[in-house]
Each structure stands twice: as C-alpha cells, then as structure tokens.
Amino acid sequence: GENVEQHPSTLSVQEGDSAVIKCTYSDSASNYFPWYKQELGKRPQLIIDIRSNVGEKKDQRIAVTLNKTAKHFSLHITETQPEDSAVYFCAASTSGTYKYIFGTGTRLKVLA
Amino acid sequence: SAVISQKPSRDICQRGTSLTIQCQVDSQVTMMFWYRQQPGQSLTLIATANQGSEATYESGFVIDKFPISRPNLTFSTLTVSNMSPEDSSIYLCSVSTRTVRSTGELFFGEGSRLTVL
C-alpha cells in the first residue's frame, strides 16, 4: 500500500523567512497530493493541493511543487508569520481507492 | 464544502467497554473514512466506510475491534470495542466528494477524544 514520508518533523524559522516541508510517496498510482494545516486542538484544514498533471501550484504565500519521476512533493511558505505556526501534514491519494494516506507531520514554529 | 457533526466530542471510558462514535454529514458524499490520531501523531486511516456494505480496513485494523456501519450516504458509525488504554486517541470522521472527474477536498469532523482508564 501507499506510504508517505515527511521531513522534517519539526521546523523553526524566524518570522519573514521561508519554510519548506518535503514529502515522498511510494505508490506511483497516486495522483492527488493535498496539504493540511492543523492548529492545536483543531481539525486538519486543507491549505493547498496539487494534481499529478501539474508541476507547481501557488496560492499567495504558499506553493506546492511535485516531481512525479522522483515521487516527491514539497510545500513552500514564504514570508512566514506567527499564525503559520501549526502542524502541517502532506497526503497522497489515488483515483482507484480515493483514500488519503498522510505523512507523519511537521511541527512548524515561526519565531517573532 | 461539507459540514460534519461528530459525537461524542469526548468521553472517558472504562477498560473492556465499547463506545460508538456517530458521524453525520449535511450532504451526500461519495467517500467516508475513519482516522485515528494519537497525541502528537499523524492521521492513521482505520477504514473506508462503504455505503451498504462492509467497510474496507487498513492493515492493523480489524472489524471485530472497530466495527463500522454506513447505512446511507450521510451517516456512519465507528465502534471501538473492548477498549484498553492503548485505544485512547482522537477518532476523526472524514468525507470526500472526490470522483474521477473532480479532485474533491477531504473534510474532517471535529473529532472524538476518547480516554480509556
């Protein structure tokens, strides 16, 4: 079955700096890759996603890149702000089962 | 979007008992899933709840321990049976409208925090 690895597990950056979180997946049939943000005590919320026929997608300060050949995708957050502090999860999904397998999570801390 | 109501939001249970968690969605959805999130950990898929048939379980999860029902497209239940302290966790219902033609976002309920004494 699908396995998603995520690095780093924790990340501290100064406010205004960029943060990058990387994920790799194992199932070449995966074709949809969402990123979720989970604040303390709250449910995960989708922040950005990318399909396998696209190499990059951007939404204001966040962007996601996908390298299908290498089976990895990354989340980029620019001009980080204290409210970006949270746990971020990547996920992979296939059009066969439609289930979502999550990475291990990255705890991002933005220092003011 | 989808609004998910999940209950109970939290409960404290005794070892050896069972608890059923309910998940109600405000619209018909194609896919419903149950996840477990242990403290400080990731989201682990327990099973896919199939409407009108047996759920599809992931490796490490079995029907006897986590029976799931999905009688229609808007409702599902997860039972945690014969609980032990290791079952203390947050259980999350999630739904997706994803199809072959559309991406479909995965939405989560607020979760049910179970503590087993």
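Numbers given to residues run from 1 along each chain, matching the order in which its sequence is written. Chains and ligands are labelled sequentially in the order written, the chains with letters from A and the ligands with numbers from 1. At least 70 in pLDDT is required for a residue's local features to be given in this predicted model, at least 80 for side-chain atom pairs to be given and counted, and no such filter applies to totals for whole chains, interfaces and linings, which use all residues. Excluded from the side-chain calculation are hydrogens and water; included are all heavy atoms of the structure.

**Describing the nonpolar core**
In terms of nonpolar packing, the biggest core is built from 40 residues, with Trp 35, Phe 73, Phe 102 and Leu 108 of chain A together with Tyr 35, Leu 106 and Phe 108 of chain B touching the most fellow members. A run of H or I in DSSP counts as a helix once it spans at least four residues, and a run of E counts as a strand once it spans at least two, with each numbered from the N terminus. Counting residues per element, this core draws most heavily on strand β9 (residues 86–94) of chain A, which supplies seven residues. A contact between two residues is defined here by any heavy atoms of the two lying within 4.5 Å. Setting aside chain neighbours within four positions, we find Phe 73 of chain A in contact with Ile 21, Lys 22, Cys 23, Tyr 25, Phe 33, Trp 35, Thr 65, Leu 66, Cys 90 and Ala 91 of chain A. By nonpolar core we mean a set of buried residues, namely Ala, Val, Leu, Ile, Met, Phe, Trp, Tyr and Cys, connected to one another through side-chain atoms within 4.5 Å. Each residue is placed in one exposure class: buried if its accessible area under a 1.4 Å probe, protein chains only, is under 20% of its type's maximum, exposed if it is over 50%, and partly exposed if it falls in between.

**Here we look at the interface of chain B and chain A**
Across the contact, 25 residues belong to chain B and 21 residues belong to chain A. By buried area we mean the combined loss of accessible area, with a 1.4 Å probe, across both parts when two parts are placed together. Carbon and sulfur atoms make up 53% of the surface buried where chain B meets chain A, a total of about 1900 Å² over both sides. Any Lys or Arg side-chain nitrogen located within 4 Å of an Asp or Glu carboxyl oxygen qualifies as a salt bridge. The interface formed by chain B and chain A holds two salt bridges in total. Ranked by residues supplied to the side of chain B that touches chain A, first place goes to strand β4 (residues 31–37) of chain B with four residues. Classes in brief: Ala, Val, Leu, Ile, Met, Phe, Trp, Tyr, Cys and Pro nonpolar; Asp, Glu, Lys and Arg charged; the others, Gly included, polar. Looking at the side of chain B that touches chain A residue by residue, the classes come out as 10 nonpolar, 10 polar and five charged.

**Section: the side chain of Gln 37 of chain B**
Relative to the assigned elements, Gln 37 of chain B resides in strand β4. For Gln 37 of chain B, a relative accessible area of 7% corresponds to the buried category. Leaving out residues up to four positions away in the same chain, Gln 37 of chain B has contacts with Gln 38 and Phe 89 of chain A together with Ser 42, Leu 43, Ser 89, Ile 90 and Leu 92 of chain B.

**With respect to the pairing of strand β8 (residues 75–80) of chain B**
Residues and elements named next belong to chain B. A large share of β8 lies buried, amounting to six of its six residues. Residues Phe 75, Thr 77 and Thr 79 line one face of β8 and the alternating positions Ser 76, Leu 78 and Val 80 line the opposite face, and both faces are buried. As paired elements, strand β7 (residues 68–72) and β8 share three bridges and run antiparallel to each other. Counted as the bridge partner of Asn 72 is Phe 75 from β8. Paired strands, in this sense, are two strands between which DSSP finds at least two bridges.

**Structural notes on the sheet that holds strand β6 (residues 56–59) of chain A**
Residues and elements named next belong to chain A. If you trace the five strands from one edge of the open sheet to the other, you get β1-β3-β8-β7-β6, paired in antiparallel fashion. Edge positions in the sheet fall to β1 (4–7) and β6, since each has one partner strand and no second. Taking the axes of each pair of neighbouring strands and ignoring which way they run, one obtains an average angle of 15 degrees across the sheet. Both strand β7 (residues 62–67) and strand β8 (residues 72–77) contribute to a ladder of six bridges, which runs antiparallel. Residue pairing in the sheet places Leu 66 in a bridge with Phe 73 of β8. Angles run from 0 to 180 degrees between N-to-C directions of axes, and those axes are lines fitted to C-alpha atoms, restricted for helices to the stretch in contact.

**A look at the sheet that holds β7 of chain B**
All names here are of chain B. With antiparallel pairing, four strands are arranged side by side in an open sheet as β1-β3-β8-β7. The strands lining the two open edges of the sheet, one partner per strand, are β1 (4–7) and β7. Taken over all neighbouring pairs, the strand axes of this sheet differ in orientation by 15 degrees on average, direction set aside. Relative to β8, strand β3 (residues 19–25) runs antiparallel, the two being bridged by six bridges.

**Digging into the packing of aromatic side chains**
Pairing of aromatic rings covers Phe, Tyr and Trp, the last through its six-membered ring, and needs centres within 6.5 Å; plane angles under 30 degrees mean stacked, over 60 mean edge-to-face, and all others mean tilted. Overall, the coordinates contain 15 aromatic pairs over all chains when judged by the stated rule. Relative to Phe 108 of chain B, the ring of Tyr 36 of chain A has its centre 5.8 Å away and its plane inclined at 90 degrees; by these criteria the two rings are edge-to-face. A residue pair is termed interchain when its members come from two chains, as with Tyr 36 of chain A in strand β4 (residues 30–38) and Phe 108 of chain B in strand β10 (residues 106–108). By the burial criterion, Tyr 36 of chain A is buried, and Phe 108 of chain B matches it. Consider the rings of Phe 61 of chain B and Phe 66 of chain B, whose centres lie 5.6 Å apart with planes at 65 degrees: the pair is edge-to-face. Of the two residues, Phe 61 of chain B and Phe 66 of chain B, both sit in the buried class.

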